[in-house]
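A structural walkthrough
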Amino acid sequence: MFQRIMAGFERIVILTGAGISAESGIDTFRAAGGLWEQHWVEDIATPEGFARDPDLVLGFYDMRRAALARAAPNPAHEALALLEREFSGDLLLVTQNVDDLHERGGSAQVLHMHGELKSALCTSCETRVRWDAPMLAKDGDRPPCPACCAVGLRPDVVWFGEMPYEMDRIYGALQTCDLFVSIGTSGVVYPAAGFVEEVRAAGAWCLELNLDPSDGLRCFHESRLGPASILVSQWIDEVLAH
Ligand code: APR
């Protein structure tokens, strides 16, 4: 692995995954005891699962939304917000996470490629609305869409088999960035897992900050292992020192 001075970069793309929210108490997906060990993905994270048993899916996301309400941003989220304020170049923060901890940590520009827990999508009129309440009442009732009144709201979260959001904008940034930083992701779910190969081929410097080596380890010029709350702050201090 090489190490290079974190200076001279003008266009940074950052990709975050569940690992950046782990120290805020939010379950990751593939760690021991993670979300995908507690639930069958096919049942709660696919359109087919939602069609089969909408109440099971709505209950799962209500549980995740309630857990998020008890969580707080950690120093990694706050450090990225500092970078957004202080970095004079172009910065795009892309997250696979559906939590709002980047925003609550102070980031103003966050691209949620997998959607958001605090957004609801109407399956009838395709309206998106900010949503903070449960989607499944205790008596099983489901709230109507505020726009068309149909009872068809679903979590505005990208499920397996669905197209992530704003991919054109993301690929445009990947083609022109000079630094790509991947934080807290296992690098196993595409298209996000393929971003590092895109940027490496386009000539950007690729840095990984992760607790464990990710699947894309060999594509990174540099990989730093450890908790995001420490690594992210250290890295941003290096970038802003120049
Ligand atoms: N600091 C840094 N990295 C951490 C920390 C931490 N404190 N804790 C865990 N990690 C790392 C793990 O080493 C792992 O590589 O975060 C990664 C979490 O991996 P996953 O659980 O697979 O989560 P993620 O990569 O975000 O999953 C991608 O898969 O299921 C879909 O849509 C879901 O967005 C999700 C996508």
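Because the structure is a prediction, the values reported are computed rather than measured.

Reading across from one edge, β5-β4-β6 is the order of the 3 strands in this open sheet, with antiparallel pairing throughout. Among the strands making up the open sheet, the edge pair consists of β5 (128-130) and β6 (153-157). The mean angle between the axes of side-by-side strands here comes to 45 degrees, regardless of whether they run parallel or antiparallel. Both strand β4 (residues 115-122) and β5 contribute to a ladder of 3 bridges, which runs antiparallel. Across the sheet, the residue bridging to Ala120 is Val129, located in β5.

What follows concerns the site of the ligand. Residues in contact with the ligand amount to 22 residues; listed here are only the nearest, Phe29, Arg30, Thr185, Ser186 and Asp212. One of the backbone N or O atoms of Phe29 is found 2.7 Å from an oxygen atom in the ligand. Between Arg30 and the ligand, the recorded distance is 2.7 Å, taken from a side-chain N or O atom to an oxygen atom. Contact with the protein chains hides 91% of the accessible area of the ligand, taken as 730 Å² for the molecule alone. When its residues are assigned to classes, the shell around the ligand shows 9 nonpolar, 10 polar and 3 charged. Counting contributing residues per domain, the shell around the ligand is built from domain 1 (1-26 + 74-114 + 164-242) and domain 2 (27-70 + 119-157), each supplying no fewer than three.

With that settled, consider helix α8 (residues 167-176). Within α8, the full set of buried residues consists of Met167, Ile170, Ala173 and Leu174. Take α8 and look down its axis: the buried residues cluster within an arc of 130 degrees, on one side only.

The subject of this paragraph is the nonpolar core. Trp36, Tyr61 and Trp159 are the most contacted members of the largest nonpolar core, which has 27 residues in total. At the level of elements, α2 (35-38), α3 (41-44), α5 (54-69), β4 and β6 are the ones that each hand at least two residues to this core. Per-element tally for this core: the top contributor is α5, with 5 residues. When residues of this core are assigned to domains, at least three map to each of domain 1 (1-26 + 74-114 + 164-242) and domain 2 (27-70 + 119-157).

Relative to the helices and strands, Ser24 is located in the loop between α1 (19-22) and α2. A distance of 2.7 Å separates a polar side-chain atom of Ser24 from the backbone oxygen of Ala72. Not counting chain neighbours up to four residues away, the residues in contact with Ser24 comprise Ala71, Ala72, Pro73, Asn74, His77 and Leu101.

The next subject is the domain arrangement of the chain. Domain annotation for the chain reports domain 1 (1-26 + 74-114 + 164-242) and domain 2 (27-70 + 119-157). If you average the C-alpha positions of domain 1 and of domain 2, the two centres end up 27 Å apart. Counting residues at the interface gives 15 residues for domain 1 and 10 residues for domain 2. A buried area of about 970 Å², summed over both sides, lies between domain 1 and domain 2, and 60% of it is on carbon and sulfur atoms. On the domain 1 side of the interface with domain 2, the three residues burying the most area are Ile26, Val98 and Tyr165, jointly 47% of the side's total. Linking domain 1 with domain 2 are 0 salt bridges. Summed over the shared surface of domain 1 and domain 2, the number is 4 residue pairs in polar contact (both at pLDDT 80 or more). Those elements giving two or more residues to the side of domain 1 that touches domain 2 turn out to be α1 and α7 (101-104).

Attention now goes to the pairing of strand β8 (residues 205-210). Within β8, 6 of the 6 residues are buried, leaving the element largely enclosed by the surrounding structure. Residues Trp205, Leu207 and Leu209 line one face of β8 and the alternating positions Cys206, Glu208 and Asn210 line the opposite face, and both faces are buried. Summarising the sheet, strand β7 (residues 179-183) and β8 pair through 5 bridges and their orientation is parallel. Note that in β8 the partner of Val181 across the bridge is Leu207. You can see the chain leave β7, run along helix α9 (residues 195-202) and come back into β8, and the turn it takes is right-handed.

Below, the discussion takes up the packing of α8 against α9. The description of two packed helices rests on the angle between their axes and on the distance between the axes. Between α8 and α9, the least distance of the axes is 8 Å, while the angle of their chain directions is 40 degrees. From α8, Met167, Ile170, Tyr171, Leu174 and Gln175 reach across to α9, where they touch Phe195, Glu198, Val199 and Ala202. Here the contact of α8 with α9 is built from residues that sort into 7 nonpolar, 1 polar and 1 charged.

Quick look at unusual backbone geometry now. Looking along the chain, the bond that leaves Tyr190 and enters Pro191 is cis, with omega of 5 degrees. Within the secondary structure, Pro191 sits in the loop between β7 and α9. The backbone phi angle of Glu126 is positive, close to 65 degrees, even though this residue is not glycine. Structurally, Glu126 can be placed in the loop between β4 and β5. Accessibility expressed as a relative area gives 63% for Glu126, which makes it exposed. Unusually for a residue other than glycine, Glu166 sits at a positive phi of about 55 degrees. Relative to the helices and strands, Glu166 is located in the loop between β6 and α8.

Basis of the calculations
- Residues numbered from 1 in each chain as written.
- Predicted model: local features only at pLDDT ≥ 70, side-chain atom pairs only at ≥ 80, totals over all residues.
- Heavy atoms only, no water.
- Pairing = 2+ DSSP bridges.
- Helix = DSSP H or I, 4+ residues; strand = E, 2+ residues; numbered from the N terminus.
- Axes fitted to C-alpha atoms, helices over the stretch in contact; angles between N-to-C directions.
- Near = heavy atom within 4 Å.
- Polar contact = N/O pair within 3.5 Å; in protein donor to acceptor, adjacent residues only side chain to side chain.
- Areas by Shrake-Rupley, 256 points an atom, 1.4 Å probe, with all protein chains shown as cover.
- Nonpolar A, V, L, I, M, F, W, Y, C, P; charged D, E, K, R; others polar.
- Domains from an automatic or database assignment.
- Buried < 20%, exposed > 50% of the residue type's maximum accessible area, 1.4 Å probe, protein only.
- Arc of directions from axis to C-beta.
- Core = buried A, V, L, I, M, F, W, Y, C linked by side-chain atoms within 4.5 Å.
- Contact = heavy atoms within 4.5 Å.
- Buried area = accessible area lost by both parts, 1.4 Å probe.
- Salt bridge = Lys/Arg side-chain N within 4 Å of Asp/Glu carboxyl O.
- Right-handed = clockwise from strand over helix to strand, strands pointing away.

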